[in-house]
Amino acid sequence: MFLPIFLFELKYRLKRPATWIYFFLLFLMAFLLVTAAGGGFGTGVNVALGGDGQTVKINAPFSLNIITAVLSVFGVIIASSLMGNPVYRDFEYRTHALFYTTPISKFGYLGGRFLALT
C-alpha cells in the first residue's frame, strides 16, 4: 500500500501551485544567502557567517553548517504545513474511515504521504 499512496500524493502535490511556490522561495533564500555571504552584491553588503570578525570562507564547514541550519528551520515549517494538508484532506472528504479499516501499516500511510512531499 505504500507505493499507491506515494504515487497518488506525488501526482497531487506536483499539480498544486503551493509546492512550486515553496520550492522557489527556498531556492531563492539559499541563492541570496550564499551570494551575499560570498560577496556577490559588492562591498556595501556585509554578511558574516561567524568567525568573530575573522575571515571565514563561504565553503568552510562552519559556514555551510550555518546555511544549512537556517534553511532547515524554514524547511521544517514548510514540511509541517505541507504534511498537515493530506491528513486534513482525509477527514474533509471522509475517507479516514477507509484508511483505518484497511490493512495498511502506519509506515505505508504516513511514509507514503510524507515521502511524496519531500
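Residues numbered from 1 in each chain as written. Predicted model: local features only at pLDDT ≥ 70, side-chain atom pairs only at ≥ 80, totals over all residues. Heavy atoms only, no water.

**Some details on the overall build of the chain**
Looking only at helices and strands, one finds five helices and zero strands in the chain. Each helix (α) and strand (β) of the chain, taken in turn from the N terminus, gives the series α-α-α-α-α. Here the chain holds 118 residues, and 22% of them are scored as buried. Looking at the chain alone, contacts between residues at least 24 apart form 62% of all its contacts between residues at least 6 apart. (Helix = DSSP H or I, 4+ residues; strand = E, 2+ residues; numbered from the N terminus. Buried < 20%, exposed > 50% of the residue type's maximum accessible area, 1.4 Å probe, protein only. Contact = heavy atoms within 4.5 Å.)

**Side note on the packing of aromatic side chains**
Here the distance between the centres and the angle between the planes together describe a pair of aromatic rings. Scanning the entire structure with this criterion turns up four aromatic pairs. Pairing F2 with F6 gives two aromatic rings, centres 5.8 Å apart and planes at 15°, and the pair type is stacked. One end of the pair, F2, and the other, F6, are both in helix α1 (residues 2-15), four residues apart, so they sit about a helical turn from each other. A relative accessible area of 27% means that F2 is categorised as partly exposed. (Phe/Tyr/Trp six-rings, centres within 6.5 Å; stacked < 30°, edge-to-face > 60°.)

**Looking at the packing of helix α2 (residues 17-37) against helix α3 (residues 61-92)**
With their axes 11 Å apart at the nearest point, α2 and α3 run at an angle of 170° to one another. Here α3 runs roughly antiparallel to α2, going by the angle between their axes. On α3, the residues touching Y22, L26, M29, A30, L33 and V34 of α2 are I67, L71, F74, G75, I78, S81 and L82. Across the contact of α2 with α3, the residue classes break down as eleven nonpolar, two polar and no charged. (Axes fitted to C-alpha atoms, helices over the stretch in contact; angles between N-to-C directions. Parallel < 35°, antiparallel > 145°, perpendicular 65-115°, else oblique. Nonpolar A, V, L, I, M, F, W, Y, C, P; charged D, E, K, R; others polar.)

**Overview of α2**
Its 21 residues place the ends of α2 30 Å apart at the C-alpha level, agreeing with the 30 Å of an ideal helix rising 1.5 Å per residue. Downstream of α2 by a residue or two, G39 has a phi angle that is positive, lying close to 85°. (Expected span 1.5 Å × (residues − 1).)

**Focus: a nonpolar patch on the surface**
A contiguous nonpolar patch, built from L14, W20, I21, F23, F24, L25, F27, L28, F31, L32 and F41 and spanning about 1,100 Å² of accessible area, is present on the exposed surface. The biggest single contributor to the nonpolar patch is α2, with nine residues. Positionally, I21 belongs in helix α2. (Patch = residues over 30% accessible without salt bridge, like charges linked within 9 Å, V, L, I, M, F, W, Y side chains within 5 Å. Areas by Shrake-Rupley, 256 points an atom, 1.4 Å probe, with all protein chains shown as cover. Salt bridge = Lys/Arg side-chain N within 4 Å of Asp/Glu carboxyl O.)

**A word on α3**
Side chains three or four residues apart in an α-helix point the same way, a direct result of the helix having 3.6 residues per turn. End to end, α3 covers 46 Å across 32 residues, agreeing with the expected 46 Å (1.5 Å per residue, within 8%). Buried-residue contacts for α3 involve α1, α2, α4 (96-101) and α5 (106-117). Among the residues trailing α3, R94 stands out with phi positive, at a value near 60°.

**With respect to the confidence of the model for the chain**
Averaged over the chain, the pLDDT score is 80; the fraction of residues at 70 or greater is 89%. Mean pLDDT across the secondary structure elements of the chain bottoms out at α4, with 74, and peaks at α2, with 88. (pLDDT = per-residue confidence, 0-100.)

**Quick look at the packing of α3 against α5**
Helix-helix packing is described using two parameters, namely the angle between the two axes and the distance between the axes. Where α3 meets α5, the closest approach of the two axes is 9 Å, and the angle between their N-to-C directions is 135°. When the axes of α3 and α5 are compared, the pair comes out oblique. The chirality of how α3 crosses α5 is right-handed. Across the interface between the two elements, L82, M83, P86, V87, R89 and D90 of α3 pack against Y109, L110, R113, F114 and L117 of α5. (Left-handed = near helix turned anticlockwise from the far one by under 90°.)

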